[in-house]
Structure formats: structure tokens, C-alpha cells
Amino acid sequence: MSGPDVNLILRSTRVVTPEGTRPAAVAVAGGTIDAVLPYDTEAPAGARLEDFDDDVLLPGLVDTHVHVNDPGRTAWEGFYTATRAAAAGGITTLLDMPLNSLPPTTTVENLRIKQQVAAPKAHVDTGFWGGAIPSNVKDLRPLYEAGVFGFKCFLSPSGVEEFPELDQEQLARSMAEITGFGGLLIVHAEDPHHLAEAPQRSGPAYADFLASRPRDAENTAIEGLIAHAKRLNARVHVLHLSSSDALPLIAAAKGEGVRVTVESCPHFLTLTAEEVPDGATEFKCCPPIREAANQDALWAGLADGTIDCIVSDHSPCTTDLKTPDFASAWGGISSLQLGLPAIWTEARKRGHSLDDVARWMSAAPAALAGLTRKGAIEAGRDADFAVLAPDATFTVDPAELFHRNQVTAYAGKTLHGVVRSSWLRGVRIASDGVLAEPAGRLLERDH
């Protein structure tokens, strides 16, 4: 039975719970899930009933990899626009990356600046990663105590001079410091020596760009990262895996008890190198979108648990930075609003269920970040939901997207899965593309 304070019942014939999808009525009290009840449970007196019929009630998605770029590069993106796009796409919690904003999140002072900017603008709950750069080892513990969820570093140039990469000695030093206080290091793993040795050709040919970011750069960096993690008993996370060649290394490390987790992204799992037109730099990202056979292997890695989660790596820029030259164009895919339908479109073709999608895009990212109130439809969690019409289709029109610069690699694609509404702590924040006023909270790591 539900408690006496229940003020909302959400009902669907298909509610995705940790035990599987079933007809259910979800009772909400004070923004928290009070109970998951049989479908035909009567709403208590004074409680509102929302009946979604056969639309699927999913746990709100958790996206732990978003570049909001605010403050400092707000022509690229911002908390207001990014979180609107997130809410429209069924994402109810996101974590902001520490770079591409000015200042970067590398000191407590910089974190506070970013929090002040985000607080009045966030449509969804928003937390922050800290950054690990060569000069800030002394800042890592204070940042952790101030509530960041972990620390991001690069092993090759980041593309912005205010966020330099770590060499192997600096990586070990930062990793040891973070491990000393029980933190998490998340890593852009491409080896700079392999990148330097790869052929570098400017121009519009995608094949030339792909050759400039070889799989070996990822594989070598991940191998080194695992070795450091094993030696230090560190907790590490591989960001945006695109090379399927690294999967056996990762699986072996997990089997040995190395504390390594891995994410991939919708663009690696739904787009292929073969389909990228020359000059179409909306497809440029680092590491790159690879071939179809590589994508098949990434899906196998998801299916067997080697890859833990799927997050967007939403990394937008102004339209003018997407020049037709793959060498000089800014790298980044904008997909906050489209990740769920993009993944569902491909997952359903490959025999996966929405239970799988919810695990990859909600439960696993929440677990990665330690967001114990997010990521599942069960009693005690925040009442965060996405309502999806899984069989409905739409064609992506960039003009209908809410992120600031309406450039996307998904333009013109027909996708399955229309997000009907999103709910944050029992309040509807998006409904058929209409957004409520910002109601998101700023999140800090559970101390």
C-alpha cells in the first residue's frame, strides 16, 4: 500500500522497473517514489492520477557527459538551452564536464562560479565534474569535498589551452591523489604519441580524418590506464569508447578485479564512418565515429556488460566552427535531445528491450556517479520519469531542437521513440515539446 502523503499516481501498462517491465501504478509523495503498486490500484483521496495507457514509463535518463560551456563560451551552449534539450529528450539529470567553460572547473572558486551561473537556469537536476590538469593536484581534494562527482582528465590535447592534458607521470600522481580520498577519475583515453604518428591531412574527406585518430591511440591509452589503475587500486572510467579493439583488454581487466568502467555514446552506436559525407563535419568528434563492423562489436560489448553505460558527450559549438575541413572543424556531436530515440531505434533492431536501454542510460550512469536517488523506478528514489511512445516515429528537424546551435549529425534521420513528457521529482517539466520554467536543482556528491 502507498503512504498517507501520496499526491500523485502515474499509471502505465508498461512501467520499466529494476525487476522488468510490467503494468503498474507508481505512487509519488513529496517528489519521491513512495511505492510501485499493481496497475489497478485506486488513487487515494486527493491524489491526482496520470494515466499513460500503453506509453512506456521509464526512469528519467541520467547523462553524465555533457559539455554545457557556461560561463565563458555561452555562444556555444548554456545551462538554459542545454537543460531544455535534456528535458525534452527524457533526461532528468545531467553532469557538466569541467572544460569548454571559462573558467574550467579546476578549483573550488571556479566551481562556485559555475554553480552560481547554473542555479537559475537548470531545467533538470545538474551536477559537476571537476578537472584534473597538471597544475591542480592540490585542488583535487578540496574540489571533492566541495561536491564534484569525480575528475576528468585528457591524455592527449583537449583542444582548449586552459585544460591541458596529463602525461603518464602526471596521470599517476593525480590518480594516486584521487584514490587516496576514494574518488573517481574519468579519462579521455587517446595516446598522444599514436596521434602524432598518424597521417594528418586537411580537407573534406572523412577517411582522412578517421586515419588521423586511429584505434591504436585509444587501445594504447586504455592499456596504460588499466595498468595504473591496477597498481594503485584506483577507480577509473573510460570516456566515450569508440574502438571495439579495446573491449578484450577491458573485459580482462574487469575479470581481474580492476575497478574500471566504460561508456560509449549514441553516435558511436548508431552512426557509421561509411555514411559520413565528405565535408559533413557535424559528424566530427574525437575519438571518431568508426566503421559498421566496429559498431557491431560495440553493441556486443554492451550486451555482455563490458560497456557499462551510454551517455551523450553532447559537445556543441557555433555553426561557423563546423567548417567543411575535418582537420580544423571543432569536434563534437550535439545529441542531448535525441539520444534516447537514437539508441532505441538501433537497440530494437538488434533485439534489445527498453529494460536494456533504461539500464544503460539511467541506472548505470546513476551508479557511476553515486546518484543513489536517481536511475530507477523503485520506492525511495526521486520521482524522475520519461514517458516514451516507443513505436511512434519522427524525422529529425534541427530547427525543432532546443540546444543553442541547431547543428546535429542526426538531421533528416527518422527515429523510433517519441518522448511525450519528462517528470522531475513528480513535476512535469516537458510535455510534447513544451517546457516548464527551470525547476532543476544543483546536485553535489553524497558525502
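To be clear, the structure that these remarks concern was listed above.
(A) Structural context of the overall build of the protein chain. Regarding its fold elements, the protein chain presents 12 helices and 18 strands. Against the compact-globule benchmark of 22 Å for 447 residues, the protein chain has a radius of gyration of 21 Å, which places it among compact chains. For the protein chain, the spread of C-alpha atoms along the three principal axes comes to 70 × 45 × 45 Å. Sorting the 447 residues of the protein chain into buried and exposed places 61% on the buried side. The contacts in the protein chain between residues at least 6 apart in sequence include a share of 74% that link residues at least 24 apart. For the protein chain, the accessible surface area stands at approximately 15,800 Å², while carbon and sulfur atoms represent 51% of it.

(B) Region of the structure containing the sheet that holds strand 10 (residues 151-154). Read from one edge of the open sheet, 6 strands run 9-10-11-12-13-14, paired in parallel fashion. Lying at the two open borders of the sheet, with one neighbouring strand each, are strand 9 (130-131) and strand 14 (309-310). Where strand 10 and strand 11 (residues 184-188) come together, 4 bridges link them in parallel fashion. Within the sheet, the bridge partner assigned to K152 lies in strand 11 and is I186. Helix 4 (residues 168-180) rests against strand 10, strand 11 and strand 12 (235-238) of the sheet, and its axis sits at about 150 degrees to strand 11.

(C) Focus on the sheet that holds strand 6 (residues 61-66). With parallel pairing, the 3 strands of this open sheet are ordered in space as 6-7-8. Edge strands, defined here as strands with exactly one partner in the open sheet, are strand 6 and strand 8 (125-128). Strand-to-strand, the axes of this sheet are offset by a mean angle of 20 degrees, without reference to chain direction. The pairing of strand 6 with strand 7 (residues 91-96) spans 4 bridges and is parallel. Residue pairing for strand 7: V62 is matched across the bridge by T93.

(D) Spotlight on helix 12 (residues 354-369). Here helix 12 spans 22 Å end to end across 16 residues, near enough to the 22 Å set by a 1.5 Å rise per residue. Counted residue by residue, helix 12 has 12 buried out of 16 residues, so it is predominantly covered. The backbone nitrogen of D355 lies 3.2 Å from a side-chain oxygen of the residue at the head of helix 12, namely S353. Just downstream of helix 12 lies G370, where phi reads positive at about 75 degrees.

(E) Broad picture of the environment of G60. Tracing the chain through its elements places G60 in the loop between strand 5 (56-59) and strand 6. As a C-alpha pair, G60 and A358 span 298 residues in sequence and 8.6 Å in three-dimensional space.

(F) Geometry of the packing of helix 4 against helix 7 (residues 215-232). As a packed pair, helix 4 and helix 7 sit with axes 10 Å apart at the nearest point and diverge in direction by 40 degrees. Classified by the angle their axes make, helix 4 and helix 7 are oblique. Between helix 4 and helix 7 lies a crossing of right-handed hand. Facing Q168, L171, A172, M175, A176 and T179 of helix 4, the residues of helix 7 in contact are L225, H228, A229, R231 and L232. Its residues assigned to classes, the contact of helix 4 with helix 7 comprises 7 nonpolar, 3 polar and 1 charged.

(G) Structural context of the environment of R381. Mapped onto the fold, R381 is located in the loop between helix 12 and strand 15 (385-395). Between the alpha carbons of R381 and S312 there is a distance of 23 Å; along the sequence they are 69 residues apart. Not counting the four nearest positions on each side in its chain, R381 is found in contact with T32, I33, L371, T372, R373, K374, G375 and A376.

Rules and cut-offs
- Residues numbered from 1 in each chain as written.
- Predicted model: local features only at pLDDT ≥ 70, side-chain atom pairs only at ≥ 80, totals over all residues.
- Heavy atoms only, no water.
- Helix = DSSP H or I, 4+ residues; strand = E, 2+ residues; numbered from the N terminus.
- Rg over C-alpha atoms; globule rule 2.2 N^0.38 Å.
- Buried < 20%, exposed > 50% of the residue type's maximum accessible area, 1.4 Å probe, protein only.
- Contact = heavy atoms within 4.5 Å.
- Areas by Shrake-Rupley, 256 points an atom, 1.4 Å probe, with all protein chains shown as cover.
- Pairing = 2+ DSSP bridges.
- Axes fitted to C-alpha atoms, helices over the stretch in contact; angles between N-to-C directions.
- Expected span 1.5 Å × (residues − 1).
- Polar contact = N/O pair within 3.5 Å; in protein donor to acceptor, adjacent residues only side chain to side chain.
- Parallel < 35°, antiparallel > 145°, perpendicular 65-115°, else oblique.
- Left-handed = near helix turned anticlockwise from the far one by under 90°.
- Nonpolar A, V, L, I, M, F, W, Y, C, P; charged D, E, K, R; others polar.

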